[in-house]
Structure formats: structure tokens, C-alpha cells
Amino acid sequence: MKTVTVLGSTGSIGCSTVNLLEQALDQFQVKVLVGGSNVEKLAEQAISLRAEHAVIADESQYDKLKTLLSGMGIKVSAGRSAVIEAAHIKVDWTMAAITGAAGLEPILSAVKNGGTIALANKEALVCAGDVMLKALKKANALLLPVDSEHNAVFQAMADKQIDQIKHITLTASGGPFRQMSLKEMKTVTVTAALKHPTWTMGAKITIDSATMFNKGLEIIEASRIFSLPEDKIKVLVHPQSVVHGMVHYTDGSFVAQLGSADMRIPIAHTLAWPKRMATNVSELDLAQLALLNFEAPDEERFPAMCLAREALRQGGCVPAVLSAANEIAVDAFLKGRIGFLEIAGVVEKVMGQIGTQPAETLEEVLFWDKRARELTQEHLGVEVT
Ligand SMILES: NC(=O)C1=CN([C@@H]2O[C@H](COP(=O)(O)OP(=O)(O)OC[C@H]3O[C@@H](n4cnc5c(N)ncnc54)[C@H](OP(=O)(O)O)[C@@H]3O)[C@@H](O)[C@H]2O)C=CC1
Ligand SMILES: CC(=O)[C@@H](O)[C@H](O)COP(=O)(O)O
Ligand SMILES: [Mn+2]
């Protein structure tokens, strides 16, 4: 039996992971489930998976969780330190699916166990790349990419001819505003931005897809995972989200991974790795689909990718600043306090204001993350969440 923990089990990736585990309870023993504030969902999952321990980050939900799980023989705890402590319980496989920089410390706690980290959370690797990579090496832990493009590239690199790779391609759906002018984007609503054309995901990443900050974060994520420089990571807009990533070799071959736009496929890949497991995701019908389209990204209408490339080239604290400023700006947009185009605008301002500073330790990363949040809030006139 493989022992597993799911950090962020109540979210979109978390629920897809739980769905796969429910179908294979003879192979997986669930040790810990961590939720943010959705206590009903967490309790329901803990019962269904016969989990040993359920943790809710929001301390005010502790009594409710205790009541919901009373008499079930499931350990219950709450609060940020309980999350970090529970992430440290030794397991073979941990799903890291807490959104944003809030996921960083729980991931580092899990890494210390030396197991496999199935990494969905991209912000942690973006803001603390060196810190995470050093921690993984020290603990002899294995990182498997869950993000669909990175999982695709990982699968396409399976023959390990790393020295023969020319570059990689991350595909992008282009989001709901792929064909919109900048003038039209200025007044888009939150509801329109939350309508992703191909994937069903949590709110933050859905807005990131609409601004294409998601692709920007993914460029940095890919650089960290595959040790590639910025100019070897290309982006190609592919509105159908069928081809998820490609590796281009020196002999002219491209190796690509294809699949339905369903995160259970990459999650299952990391759950079973190095083997494979069955999922009940319906297979793509390419004959019915008939056409796959590709186009170059428009960096003028979607400046987020250029900002991320700049952050990656500058290094130090800049990726952490970009990601933290974006988190605050997305939250403000979701709350209806700023316009869509202000997201990239404020990220650029805060990056320029802070400049390149060293961020080699966790403390330094957390310092610049906090500073970027404060400055973004000042520029936008909103509260830090
Ligand atoms: N969804 C997708 O298809 C993909 C997602 N990703 C990445 O995976 C991560 C998760 O995305 P997604 O599942 O869509 O996001 P969701 O918003 O759907 O889920 C986020 C999860 O994190 C929990 N959470 C939020 N804040 C905290 C906190 N402070 N402490 C503990 N738990 C917390 C939430 O709990 P609750 O809901 O109970 O409050 C929820 O379980 C993101 O980093 C995203 O970029 C990457 C590729 C694809
Ligand atoms: C499913 C996944 O991996 C997301 O990161 C997805 O790629 C988002 O869609 P975009 O391609 O629109 O950013
Ligand atoms: Mn992705």
C-alpha cells in the first residue's frame, strides 16, 4: 500500500485526487487530508477515504470539523501550524495543491520526509525555487510535476536524452480573452474572466489563465523543474488544450503528450509513477475533434509572459515579487475592486520598485513576498488578504 497525503484536498486538484483515490482504496492508504476552510467537504472526503487525520487551516472551523467527524476514529486538528505539522507525517506520496505562496511552508515540511512530492502548486516553486530545490536534494525527495504542461514535458522526456533537447514548448489555451482587443479587455467582468474555455479550475488559476500570468508562472516553473534557461522554454497558443507540452530534440523530432483537459490524467501519472494506473477519464476522439490549432502568443495584449521572462532572467527575489504582487492583484480583481488590465500593470510597477535583491533563504523569500504584497496593496488601495 502506498501511503498518501493531500494538501488542499477540498480544491479543484484536491477533489480530482480524491476521486482517483476513491477508485483505488485497495492500493492507497490515506494518512492526511488538509483543507483551507471548506469543513463539510473535508469531513466528507475524510470519511469516504477512511483518512487517519483531517486538518483544517481555518482555526475557527475546528469545532465543526470535530463534530462532523466525531466517532469516526479520525484525528482532527486545525490552524496553520497544524497544517505544517501534518504535512511532515511520513508518507510515500504527497499531493501539493494548496494555492499560492501559502502552500510553500507545508510543501517544505513534506519535502523533509524524503518521499514523492506531486507538485500542482506552481507559486511555491516560482517564489522559492532555490530553497525548494535545495530542500528536495537534501532530503533525497522526488518532485513529480502535476501541472499539465510540465507533466507532459516530463512524460516526453522519458527516454532521458536530456543533452539532445533543443527546447521545450508549453501550450496555452489563450484563456477566455484570446481574441479580445486591449480596449475590450479593460472592461471585462469577473464572471467573464472566470469562464475558462477548456479547463475547470480554482478561481486564482482561472484568472491567471485569462491574464496569461499562468503561462508566465509556468515558464519559471519549467525552468526550475527541468533546469532550462528562459530562452529554451517556448509558449504556443493551442485553444483546444489537447496537446499539453512538447520536447523538441536536435534531430528535428518533437515528442508531445496529448490527452483530454482533465487533471486526473497527470495526477494519476504521478500517483502510479513509474508505473501507470487506469482512470475513468473518457478518451479523446481525435477524428471527432478533427482540427488542432496553434498560434504564436501575443505578448502586447498579454504582457504577463514578458514580465515573467524578465523576472526569471533577473532572478533573486524578482520571481517571488511577481508572484506575490499577482496574488494580491488577482484577489482584488476577484473582489471587484480593480479592473482586469490593472493586474499586469501593478505587478510591473512593484517589480520595478523592488528591483533585484537576493532571496537565497526561506526567510529572505518570505520577506520579499510580504514586501511585494504591501506595496501592491498600497498601489491598489486594497487590504492585504
Ligand atoms: N486546478 C487545476 O486544474 C490546476 C491547478 N494548478 C495549481 O494547483 C494549485 C491548486 O489549484 P486549484 O485546485 O485550482 O485551487 P483551488 O482554489 O480550487 O483549491 C485550493 C486548495 O487550497 C486550500 N487552501 C487555500 N488556502 C489555504 C491555506 N492557507 N492553508 C491550507 N489550505 C489552503 C483550499 O481550501 P478550501 O477550498 O477548503 O478553502 C483548497 O483545498 C494552484 O497552485 C494552481 O496553480 C496547476 C495546474 C492545474
Ligand atoms: C490545467 C493546467 O495545467 C492549467 O495550468 C492550464 O494550463 C490553464 O490553462 P491555460 O493554458 O489557459 O493557462
Ligand atoms: Mn498548466
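Residues numbered from 1 in each chain as written. Chains lettered and ligands numbered in written order. Predicted model: local features only at pLDDT ≥ 70, side-chain atom pairs only at ≥ 80, totals over all residues.

Identification of the protein chain as 1-deoxy-D-xylulose 5-phosphate reductoisomerase from Entomobacter blattae is taken from an unreviewed UniProt entry. For the protein chain, the Function (unreviewed entry) comment in UniProt is given as "Catalyzes the NADPH-dependent rearrangement and reduction of 1-deoxy-D-xylulose-5-phosphate (DXP) to 2-C-methyl-D-erythritol 4-phosphate (MEP)." One UniProt comment on the protein chain, placed under Sequence similarities (unreviewed entry), says "Belongs to the DXR family." (UniProt positions renumbered as here; feature names shortened; annotations may be inferred.)

**Some thoughts on the site of ligand 1**
Taken together, the neighbourhood of ligand 1 is formed by 29 residues, with Gly 11, Gly 36, Asn 38, Met 201 and Gly 202 sitting nearest. Looking at the shell around ligand 1, the elements with two or more residues in it are helix H1 (12–22), strand E2 (28–35) and helix H11 (203–211). Of the residues forming the shell around ligand 1, the biggest block, 3 residues, is contributed by H1. A per-class count over the shell around ligand 1 returns 12 nonpolar, 13 polar and 4 charged. Two domains each donate at least three residues to the shell around ligand 1, and these are domain 1 (2–145) and domain 2 (150–260 + 283–299). (Near = placed C-beta within 6 Å. Helix = DSSP H or I, 4+ residues; strand = E, 2+ residues; numbered from the N terminus. Nonpolar A, V, L, I, M, F, W, Y, C, P; charged D, E, K, R; others polar. Domains from an automatic or database assignment.)

**Let's talk about the pairing of strand E8 (residues 165–172)**
Direction of pairing for E8 relative to strand E10 (residues 243–249): antiparallel, over a ladder of 5 bridges. The residue of E10 that forms the bridge with Thr 169 is Met 246. Bridge analysis of E8 against strand E9 (residues 233–237) gives 5 bridges, and the strand direction is parallel. Each bridged residue has a counterpart across the sheet, and for Thr 169 the counterpart in E9 is Lys 234. (Pairing = 2+ DSSP bridges.)

**A short note on the site of ligand 2**
Asp 147, Ser 148, Glu 149, Ala 172, Ser 173, Gly 175, Trp 199, Ser 209, Asn 214, Lys 215 and Met 263 make up every residue found near ligand 2. For the shell around ligand 2, the residue count by class is 3 nonpolar, 5 polar and 3 charged.

**Considering unusual backbone geometry**
Here the amide bond leading from Trp 273 into Pro 274 is cis, since omega sits at 5°, within 30 degrees of zero. Looking at the element boundaries, Pro 274 is found in the loop between helix H13 (264–272) and helix H14 (286–289). Positive phi outside glycine occurs at Arg 50, with the angle close to 50°. Residue placement: Arg 50 occurs in the loop between helix H2 (39–49) and strand E3 (53–56).

**Here's the deal with the domain arrangement of the protein chain**
Taken domain by domain, the protein chain consists of domain 1 (2–145), domain 2 (150–260 + 283–299) and domain 3 (315–385). Its C-alpha centre places domain 1 at a distance of 27 Å from the equivalent point of domain 2. Across the boundary between the two partners, domain 1 contributes 12 residues, which contact 13 residues of domain 2. Every element with two or more residues in the side of domain 1 that touches domain 2 is listed here: helix H6 (123–127), helix H7 (129–139) and strand E7 (142–145). A per-element tally of the side of domain 1 that touches domain 2 places H6 first, with 3 residues. Within the side of domain 1 that touches domain 2, the residues separate by chemical class into 5 nonpolar, 5 polar and 2 charged. (Contact = placed C-beta atoms within 7 Å.)

**Concerning the sheet that holds E2**
The sheet built from 7 strands is open, its strands ordered E4-E3-E2-E1-E5-E6-E7 with parallel pairing. Two strands close off the open sheet at either side, each with one partner strand: strand E4 (75–78) and E7. Shown here is a sheet whose adjacent strand axes are inclined to one another by a mean of 20°, direction ignored. Pairing between strand E5 (residues 93–96) and strand E6 (residues 116–119): 4 bridges, direction parallel. Note on E6: the bridge partner recorded for Thr 94 is Ile 117. (Axes fitted to C-alpha atoms, helices over the stretch in contact; angles between N-to-C directions.)

**Regarding the sheet that holds E10**
Taken together, 4 strands build an open sheet; the order of strands is E9-E8-E10-E11 and the sheet is mixed. This sheet does not close on itself; its edge strands, each paired only once, are E9 and strand E11 (254–258). Averaged over all neighbouring strand pairs, the angle between strand axes comes to 20°, with direction disregarded. The sheet contacts of helix H8 (residues 148–156) involve E8, E10 and E11, and relative to E10 the element is tilted by about 40°. Sheet contacts for helix H12 (residues 213–226): E8 and E9; angle to E8, the most-contacted strand, approximately 145°.

**Description of helix H17 (residues 342–354)**
End to end, H17 covers 18 Å across 13 residues, agreeing with the expected 18 Å (1.5 Å per residue, within 8%). Where the residues of H17 are buried, they touch H11, helix H15 (304–314), helix H16 (318–334) and helix H18 (362–380). Following H17 by one or two positions, Gly 355 has its phi on the positive side, about 70°. (Expected span 1.5 Å × (residues − 1).)

**Quick notes on the pairing of E6**
Of the two faces of E6, both are covered, the one formed by Thr 116 and Ala 118 as well as the one formed by Ile 117 and Leu 119. This β-α-β element, E5 to helix H5 (residues 104–111) to E6, shows right-handed connectivity. (Buried ≥ 20, exposed ≤ 12 C-beta atoms within 10 Å, placed from the backbone. Right-handed = clockwise from strand over helix to strand, strands pointing away.)

**So, the nonpolar core**
Core analysis: the biggest nonpolar cluster contains 116 residues, and Ala 96, Val 321 and Ala 329 have the highest contact counts within it. The greatest single-element share of this core, amounting to 11 residues, is contributed by H16. The contact partners of Ala 329, leaving out residues within four places of it in the chain, are Ile 338, Glu 342, Ile 343, Val 346, Val 347, Thr 376 and Leu 380. (Core = buried A, V, L, I, M, F, W, Y, C linked by C-beta atoms within 7 Å.)

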